[in-house]
Every structure is written in structure tokens, then in C-alpha cells.
Amino acid sequence: MDNVHRIDLNCDLGEARRGTLRWSWSLGARSGPDPGDAALLDVVTSANVACGFHAGNRPTMSATAAAAAERGVALGAHPSYRDAANFGRTEMEITRGELADHVYFQLVELDMAARRRGTRVRYVKPHGALYNRIAHDSDQAAGVVDAVLRYADLADEDPLPILGLPGSVVLSHAASVGIAAVSEAFADRGYRADGTLVPRGRPGAVITDADEVAARVVDIAREREISADDGSRIVVSAQSVCVHGDTPGALGLARRVRRALEAAGVEVAPFTGSVSAPPLPSVPPPPRGSPQDEGDRAGARDGPR
């Protein structure tokens, strides 16, 4: 008899960008979570929430945290370089100490918002260019780990798990200092024979056929081989699978993936363990024009530079 297989589905959420209609809408009184995000939260089991440096602001953090808690979805911090202009997709030359300060600030911002809504941050998944950089850059990987350890000291709790690419430097460093290192796969991305992702812009980098994506995720969850871009067969070891929320048809694809997993007998659950849905306190919005309201409008822009 096969062992019980389990997989987590994670998605990047709360990514309102300054200057867009989504950003303006998020600042309205009692705006709540983005409707598209709320729909995805009904499907995924972990939510990577933007912490203000590449996208998001205090209202989106608070609303997304509350919506995740209502659904029993694990809340993850999605910190990035200070790069709102490029949505966190540009690598930055930054010292280990500076990066630790930036990531630490973002963890504090999101976890404060979460705790005000009766929940808390349960893991960390860096965003964009930072995510890719710490797969191979030991100095910047150490900066992210330093931030997680510093936040653990502040909260007087165990360090938050770090979610990243299998075999990445950041996961190796995290494990060496006692931080849970959690590997993830990507539902719609192609893989090379060495287990790394096919770079975007190259043939086979993105898989668009929903049936193929769903079948590959089932194979990953059941620890079966999948096809690499050169036709070879590889096993991608992962505890979580990322379904991108900012691509056309994302909600339908996420639903297709989850249905395929459940039909295959795979348990879909947060890798952090069961997340209860606590009662959420009523938090009235601040008066218009108050200092707190202005702080919310600023997002996290007043953090370390």
C-alpha cells in the first residue's frame, strides 16, 4: 500500500502596486482583501503576502492576513529588495547587514498586522530577484537567515521556516543553524536536468497547458519522475508547490491543480501544520486624515533605507 502523500499549495498575494487602481482601492475604508486574492485563498493552503517593499501596504497586509485566518490558510512573509519600481525583480548589490535589516523590517510589518487580526506569520518566502539570488549567493542568503533569527529573538519563539528552491544556498544555511528549510516546486515552470528552473524567455520555461500542469503537480506530490526540458526524467523533491496568482487564468489553474491532487488521493494541507481559524477582533478603520491613516497610506516606505 502506498504511503499517504501530502503537499502544500502556496501563492503570492497582497501584491497591490503603488499607482494602480488596485492600490487605490486597497486604501479605502473597510476595503477588505482583493477579490482575486480572496478567491485564491479558497484554494491554496499557504499565502505569501507582500510586505511593502516590492508591493503591498499596511491595509493589504491586514486584510489578507484576516482573510487567510478565516480560511485556515497559513500566512507567510514575502519580503523582497527595496524595489517597488521594478516589482522586486531587479537584483541589488547590498551588504549582508543591510539586507538583514530590510528583511527584518518586513517581517515585523507583516507579523504586527497579522497579530492585530488574531493570527501570525508562520514562514518566510523571499520574493523575486532576492529569491533567485539567495539560491546561490551565500552572503545574501546569510542576510535573510540573520533576519529570521533576529525576529525569533524579538518574538521569543522558534525561528520561522524558510521556503525556497531545493538545493539552494539559503536552505542549506538555514538548516545548518537550526531553521526549518522547506523546499518548493513550481506548478507551471519547466525544469532542467539538474533540477533547476528553465530560465524565463527560453523554450519550455513556462507550461501553459492546464492538464499538463495538474498532472505534473500530482507526480511531484507523489514523488514520481517528471520530464525535464531535454527529455530526461527527474524527481523534484518538494513540500510545497507554488501556483502563481498574477498570471491569466490563475484561479482556474489553481482549482484544476487542487482537484487533480485530491482525486489522486494526495492530502492538500499547509506544510506548517494545521492552521485553526481564530475569532477575529473587530478593528474599526482609523479616522480619515489621522497619523495612523497616513502611515497606512505610506505602506512600509519608512523602513530602513
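Remember, it's a predicted structure, so these values are computed and weren't measured experimentally.

**Q** Teacher, can you tell me more about the nonpolar core here?
**A** Burial of nonpolar side chains together is a common tendency in soluble globular proteins. Of all hydrophobic cores here, the largest spans 74 residues; its most connected members are Leu41, Ile162, Tyr191, Val241, Val257 and Leu261. A total of eight residues in this core trace back to one element, the largest contributor, which is helix H4 (residues 96-116). With residues near it in sequence (within four places) discarded, Tyr191 still touches Ala185, Phe186, Thr196, Leu197, Val198, Arg216, Ile226, Ala228, Asp229, Ile234 and Val236. Ala74, Tyr123, Leu163 and Phe271 belong to the second largest nonpolar core, which has five residues in total.

**Q** Whenever I open this one, the confidence of the model for the protein chain confuses me. Can you help?
**A** Scored by pLDDT, the protein chain has a mean of 88; 89% of the residues are at 70 or more. Note on residues 278-305: pLDDT is under 50 here. Beyond four places in sequence and across chains, it has 52 contacts.

**Q** Help me understand the environment of Phe186, please; the structure alone is not making it clear to me.
**A** Relative to the helices and strands, Phe186 is located in strand S6 (residues 181-186). On the basis of relative accessibility, which here comes to 7%, the residue Phe186 falls in the buried class. Taking the C-alpha atoms as reference points, Phe186 and Val206, 20 residues apart in sequence, are found 9.8 Å from one another. Discounting residues that sit within four places of it in the chain, Phe186 has contacts with Lys125, Tyr131, Leu165, Tyr191, Leu197, Val241, Cys242 and His244.

**Q** Got a minute to help me understand the packing of aromatic side chains in this structure?
**A** Here a ring pair, both rings aromatic, is described through the centre-centre distance and the interplanar angle of the planes. Summed over all chains, the structure comprises four aromatic pairs. Arranged with centres 5.9 Å apart and planes meeting at 35°, the rings of Phe53 and Phe105 form a pair that is tilted. With Phe53 in the loop between strand S2 (46-50) and helix H3 (58-71) and Phe105 in helix H4, the pair connects residues that are 52 residues apart, well separated along the chain. Accessibility expressed as a relative area gives 18% for Phe105, which makes it buried. The side chain of Arg82 reaches across the aromatic face of Phe53, ending 4.2 Å from its centre. Against the face of Tyr104 rests Arg150, its NZ or CZ located 4.9 Å from the ring centre.

Criteria and thresholds
Residues numbered from 1 in each chain as written. Predicted model: local features only at pLDDT ≥ 70, side-chain atom pairs only at ≥ 80, totals over all residues. Heavy atoms only, no water. Core = buried A, V, L, I, M, F, W, Y, C linked by side-chain atoms within 4.5 Å. Buried < 20%, exposed > 50% of the residue type's maximum accessible area, 1.4 Å probe, protein only. Helix = DSSP H or I, 4+ residues; strand = E, 2+ residues; numbered from the N terminus. Contact = heavy atoms within 4.5 Å. pLDDT = per-residue confidence, 0-100. Phe/Tyr/Trp six-rings, centres within 6.5 Å; stacked < 30°, edge-to-face > 60°. Lys NZ or Arg CZ within 6 Å of the ring centre and 35° of its normal.

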